[in-house]
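Commentary on secondary and tertiary structure
Now for the letters of each chain:
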Amino acid sequence: MIKKIDHVGIAVKSIDKALKLYTDLYGLELAGIEVVEDQKVKTAFLPLGDSEIELLEATDANSAIAKFIEKKGEGIQHIAFRVENVEKALKQAKEKGIRLIDEKPRYGAGGAKIAFLHPKSTQGVLVEFCQRDE
Ligand SMILES: C[C@H](C(=O)O)C(=O)SCCNC(=O)CCNC(=O)[C@H](O)C(C)(C)COP(=O)(O)OP(=O)(O)OC[C@H]1O[C@@H](n2cnc3c(N)ncnc32)[C@H](O)[C@@H]1OP(=O)(O)O
Ligand SMILES: [Co+2]
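Residues numbered from 1 in each chain as written. Chains lettered and ligands numbered in written order. Predicted model: local features only at pLDDT ≥ 70, side-chain atom pairs only at ≥ 80, totals over all residues. Heavy atoms only, no water.

As annotated in an unreviewed UniProt entry, the protein chain carries the name Methylmalonyl-CoA epimerase and is attributed to Garciella nitratireducens DSM 15102. Entered under Sequence similarities (unreviewed entry) in the UniProt record, the comment concerning the protein chain runs "Belongs to the methylmalonyl-CoA epimerase family." (UniProt positions renumbered as here; feature names shortened; annotations may be inferred.)

The subject of this paragraph is the confidence of the model for the protein chain. Per-residue confidence for the protein chain gives a mean pLDDT of 98, with 100% of residues at or over 70. The ipTM, which scores confidence in the relative placement of chains, is 0.98 for this predicted complex, and the corresponding pTM is 0.97. (pLDDT = per-residue confidence, 0-100.)

A positive phi is found at K40, a non-glycine position, where the angle reads about 55 degrees. For K40, the position within the fold is in the loop between β2 (32-36) and β3 (41-48). Residue class for K40 comes out partly exposed when judged on its relative accessible area of 33%. If you check the backbone angles, Q123 has positive phi at about 55 degrees while not being a glycine. Among the residues examined, Q123 registers a relative accessible area of 76% and is labelled exposed. (Helix = DSSP H or I, 4+ residues; strand = E, 2+ residues; numbered from the N terminus. Buried < 20%, exposed > 50% of the residue type's maximum accessible area, 1.4 Å probe, protein only.)

Moving on: the pattern of salt bridges. In the structure shown here, the tally under the stated rule is nine salt bridges. K91 is the salt-bridge partner of E95, the closest N and O atoms lying 2.8 Å from each other. One end of the pair is E95 and the other is K91, both in helix α3 (residues 86-95) and four residues apart, which spans about a single turn. The same class applies to E95 as to K91, namely exposed. Two residues, E103 and K94, come together in a salt bridge whose shortest N-O distance is 2.8 Å. With a relative accessible area of 47%, K94 lands in the partly exposed category. One network of salt bridges, in which partners are shared, links D6, R82 and R132. (Salt bridge = Lys/Arg side-chain N within 4 Å of Asp/Glu carboxyl O.)

Attention now moves to the nonpolar core. Listed in full, the twelve residues of the largest apolar core are I79, F81, V83, V86, A89, L90, A93, L100, A115, L117, V127 and F129. If we ignore the near neighbours within four places in the chain, the residues touching L100 are L90, A93, K94, F116 and L117. Judged by nonpolar contacts, the second largest core, of eleven residues, contains V12, I15, L19 and I53. (Core = buried A, V, L, I, M, F, W, Y, C linked by side-chain atoms within 4.5 Å. Contact = heavy atoms within 4.5 Å.)

Next up, the structure:
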């Protein structure tokens, strides 16, 4: 079902500040910055091999990212698995009794279709299913 790690989502207070580390020290290239209103986040994608780093900054106090940082501080917030078809993946997860955060796909950065599983069902890892129609 999952084909690869599409990206690792890292919650940061400031993308500008975090970018210095990812570009200057790690030598990654910034591929793009996109605000995803629906998720109340600003994202910055940095390709890394077959995957990407996604830096996430809250655009609103009610953002999942704002709450995450409030409670846990900055850090790895989710892992995104690339799937062929998000709807199918959600159906399979639901059939296996996995608690869904999203019953239907939502808009993801770069026009991806994304949906989240609840960490309570996934050994404490917030998982994002991510479909990109390349
Ligand atoms: C757009 C872009 C893209 O890729 O295109 C994105 O990624 S958007 C990325 C940002 N958007 C999202 O993350 C959307 C999905 N996330 C959510 O709906 C929410 O963050 C959530 C439901 C996972 C948690 O909501 P919340 O913080 O209000 O809830 P709570 O604080 O009560 O958390 C409920 C339980 O989940 C745990 N918990 C909360 N957040 C995480 C996390 N990131 N990873 C692992 N566990 C987590 C808490 O410790 C708690 O466990 P305990 O009870 O044991 O303490
Ligand atoms: Co993501």
